[in-house]
Amino acid sequence: MRDLLSVAIFLRKPLPMEAITSLSLEQNAHSYLSGLTSVIHIPNQPGAVVAPFHASFPDFITNPDRCSPKRCPLFRSLVASEGHELIALKCLKLMNQSLKYNICDMPKELTVSRRERANSPENVGKISEALKYSCIYWADHLAEVKDFDTVLIDTLRVFLHEHLLHWIECLSILNELQTGVKSLGGIVTVLLAFKLHNLHLLVHDARRCLHMNFEAVQKHCMEIYESALVWIPQNSLIRKTYTADVSRVPRVIVGLSDLWGSVELIMQNGSDVESVAFSQDGSRVVSGSDDKIVRIWNVMTGGVEAELKGHTARVMSVAFSQDGSQVFSGSEDNMVRIWNVMTGEVEAELKGHRDSVISVAFSQDGSRVASGSDDRTVRIWNVTTGKVEAELKGHTSKVVSVAFSQDGSRIVYGSFDKTVRIWNVTTGAEAELKGHTSAVLCVAFSQDGGQVVSGSADKTVRIWNVMTGKVEAELKGHTHWVTSVAFSQDSSRVVHIC
């Protein structure tokens, strides 16, 4: 009863009784749960889902104070981590039992790699609801486990060493391959935390394999064997673990790399890229390019989610809002545009610059955008109204980099006139930091706003004290222009690129 109730309560989405029976391996599941029809809906019609009538029941049954030994001496409260461990184990056991090569029994001629081949939608119906659920959600449940016992570890090991490719095949059929990339990423973290290093390395390898071959495998499930295994590095763990599957596909004699490279994804833009930025949650990348298009990329798949068209010249700078709902772009058409990420529509066109917009940045609260331009000015825009709140003048050459402090109280900007300036948003006071002997190409604030770092064409990096305006450190060693700088989260380190 406890196991079945845990399954019913902690599932990520409700399942029919048939699926609960398959997942739990308890043939009398209906009989056990039928005693709880006052709080759980037990439908009579096939396919209808089992679910609590109201959230108050799961709240009660998982609360040790309310569902206490004193009040419920025969039934202690359910513990979430134990429930998720149970479901993770049930999912893994079902997958180990049910997954196989060519799970939908396609004719052999349809399993061979062909450029035009795609998944058949009717194959989805050949996979049971319990197995669908297991393939999609097992990693979610595993991430909630507080303690890995030997049974769970052994079951997981069997899955990873014998059925990992079968699972990817199944996800492709279900059109859930993106969930697979996300699941593998989450499990890498979990296995590392529990010091399961061998399993961690295999999962990390599988994620690289899926990343590299996502487009092909998404189109047709059998490409995980037919093409993915052909091109992965010679010494990859996937190749070593799945030697039987590797042996039935064409073999590359020379030219394969030995190990995975440092690049996780290569996203082909088709035009020179001038600027890129991550969303705050790391799930997307935005790019601006010479073909006048702003593109939003999915980091898991490497695919383009949206192409934002409207600029009439090169897009020189891009940035995400803090919540990821908007993208800002600056262009050589003298415009700053604000785009809605969901719709791809332009929310605002910010006009005023008299020359190319080279750099854009947003405040932490998303209320303001700063833009630096070839017209030697920085403009501060109100995102809601689209109006200019301030125009900062004084530079004698183009402004190529702008950044907000974490609290939004200050803006730093660097120029080809060799200076860095800091503007106080509240008081309007401005400080000029001199010392570079050539153009300042990049600037950034430390997390606490107490320091600014700048990189220059004079091949040096300088760290400045915001309060005094003095140089705290001058970092030398580069042999070319320093084009990008950033502080670590704790402000103890600076990274710079030339």
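Residues numbered from 1 in each chain as written. Predicted model: local features only at pLDDT ≥ 70, side-chain atom pairs only at ≥ 80, totals over all residues. Heavy atoms only, no water.

Moving on, we come to the overall build of the protein chain. Looking only at helices and strands, the protein chain features 14 helices and 25 strands. Overall, the C-alpha framework of the protein chain stretches about 80 × 65 × 40 Å when taken along its three principal axes. Expressed as a percentage of its 498 residues, the buried residues of the protein chain come to 51%. Sequence separation of 24 or more characterises 48% of the internal contacts of the protein chain that already satisfy a separation of 6 or more. When the accessible surface of the protein chain is summed, it comes to about 23800 Å², and 50% of that surface belongs to carbon and sulfur atoms. Of the side-chain charges in the protein chain, 50 are positive and 55 negative, and the distance between the mean point of each set is 2 Å. (Helix = DSSP H or I, 4+ residues; strand = E, 2+ residues; numbered from the N terminus. Buried < 20%, exposed > 50% of the residue type's maximum accessible area, 1.4 Å probe, protein only. Contact = heavy atoms within 4.5 Å. Areas by Shrake-Rupley, 256 points an atom, 1.4 Å probe, with all protein chains shown as cover. Lys, Arg positive; Asp, Glu negative; His and termini not counted. Charge placed at Lys NZ, Arg CZ, Asp CG, Glu CD.)

One open sheet holds the four strands; their spatial order is β12-β13-β14-β15, and the pairing between them is antiparallel. Each having just a single partner strand, β12 (357-362) and β15 (388-392) make up the two edges of the open sheet. The mean angle between the axes of side-by-side strands here comes to 15°, regardless of whether they run parallel or antiparallel. As paired elements, β12 and strand β13 (residues 368-373) share five bridges and run antiparallel to each other. Residue pairing in the sheet places F362 in a bridge with V369 of β13. (Pairing = 2+ DSSP bridges. Axes fitted to C-alpha atoms, helices over the stretch in contact; angles between N-to-C directions.)

Attention now moves to the nonpolar core. One finds W138, L156, F159 and W167 to be the most contacted residues of the largest nonpolar core, which totals 89 residues. The contact partners of L156, leaving out residues within four places of it in the chain, are L92, W138, L142, F148, L191 and L199. With 13 residues, the next largest nonpolar core counts V378, I380, I411 and V425 among its residues. (Core = buried A, V, L, I, M, F, W, Y, C linked by side-chain atoms within 4.5 Å.)

Turning next to the UniProt feature "repeat: WD" (unreviewed entry) in the protein chain. UniProt records the feature "repeat: WD" (unreviewed entry) for residues 266-307, 308-349, 350-391, 392-433 and 433-474 in the present numbering. In the segment residues 308-349, helix accounts for 0% and strand for 55%; the C-alpha atoms at its two ends are 13 Å apart. The distance from the first to the last C-alpha atom of residues 433-474 is 13 Å, and the span holds 0% helix and 52% strand. (UniProt positions renumbered as here; feature names shortened; annotations may be inferred.)

You can read the domains of the protein chain as domain 1 (1-247) and domain 2 (273-497). Distance from the C-alpha centre of domain 1 to the C-alpha centre of domain 2: 43 Å. Across the contact, five residues belong to domain 1 and four residues belong to domain 2. Buried surface at the junction of domain 1 and domain 2, summed over both partners, amounts to about 430 Å²; 62% is from carbon and sulfur atoms. Scanning the region where domain 1 abuts domain 2 turns up zero salt bridges. On inspection of domain 1 and its partner domain 2, the count reaches two residue pairs in polar contact (both at pLDDT 80 or more). Take the side of domain 1 that touches domain 2: its biggest share by element is three residues, from helix α8 (residues 177-193). (Domains from an automatic or database assignment. Buried area = accessible area lost by both parts, 1.4 Å probe. Salt bridge = Lys/Arg side-chain N within 4 Å of Asp/Glu carboxyl O. Polar contact = N/O pair within 3.5 Å; in protein donor to acceptor, adjacent residues only side chain to side chain.)

Approximately 340 Å³ is the volume attributed to the second largest pocket. Taken together, 17 residues line the second largest pocket, and the ones lying closest to its centre are M212, N213, F214, E215 and A216. Of all the secondary structure elements, the ones that give two or more residues to the lining of the second largest pocket are α9 (197-212) and α10 (214-219). Here the lining of the second largest pocket gets four residues from one element, more than from any other, and that element is α10. Taken together, the residues of the lining of the second largest pocket sort by class into eight nonpolar, eight polar and one charged. Domain assignment of the residues forming the lining of the second largest pocket places at least three in each of domain 1 (1-247) and domain 2 (273-497). (1 Å grid on protein atoms, 1.4 Å probe; cavity = no way out; pocket = protein on both sides within 12 Å on 5 of 7 lines; lining within 4 Å. Points joined across faces, edges and corners; volume = space filled by probe spheres on them. Nonpolar A, V, L, I, M, F, W, Y, C, P; charged D, E, K, R; others polar.)

This part takes up the side chain of R337. Within the element layout of this structure, R337 appears in strand β10 (residues 336-340). One polar contact links the side chain of R337 to the main-chain carbonyl oxygen of G310, over a distance of 3.3 Å. Every residue in contact with R337, bar those within four places of it in the chain, is listed here: G310, H311, V327, F328, S329, V346, A348 and E349.

Turning our attention to the pattern of salt bridges. For the structure on display, the rule yields 23 salt bridges. Close ionic contact of R337 with D333 constitutes a salt bridge, the shortest N to O distance being 3.2 Å. Residues R337 and D333 agree in their burial class; the two are buried. Here R421 ties to E432 by a salt bridge, and the two come within 3.1 Å at their closest N and O atoms. Separated by 11 residues along the polypeptide, R421 in strand β18 (residues 420-424) and E432 in strand β19 (residues 430-433) bring together distant segments of the chain. Classification of R421 as buried rests on a relative accessible area of 10%. Through salt bridges with shared partners, a single network forms among E274, D290, R314 and E332.

All right, on to the pairing of strand β23 (residues 471-475) then. Walk down a regular strand and you will see the side chains alternate between the two sheet faces. Pairing of strand β22 (residues 461-465) with β23, which is carried by four bridges, proceeds in the antiparallel orientation. Bridge assignment links I463 to a residue of β23, and that residue is A473. Between β22 and β23, which pair antiparallel and follow one another directly, the connecting turn spans five residues, one of which, G469, has a positive phi of 75°.

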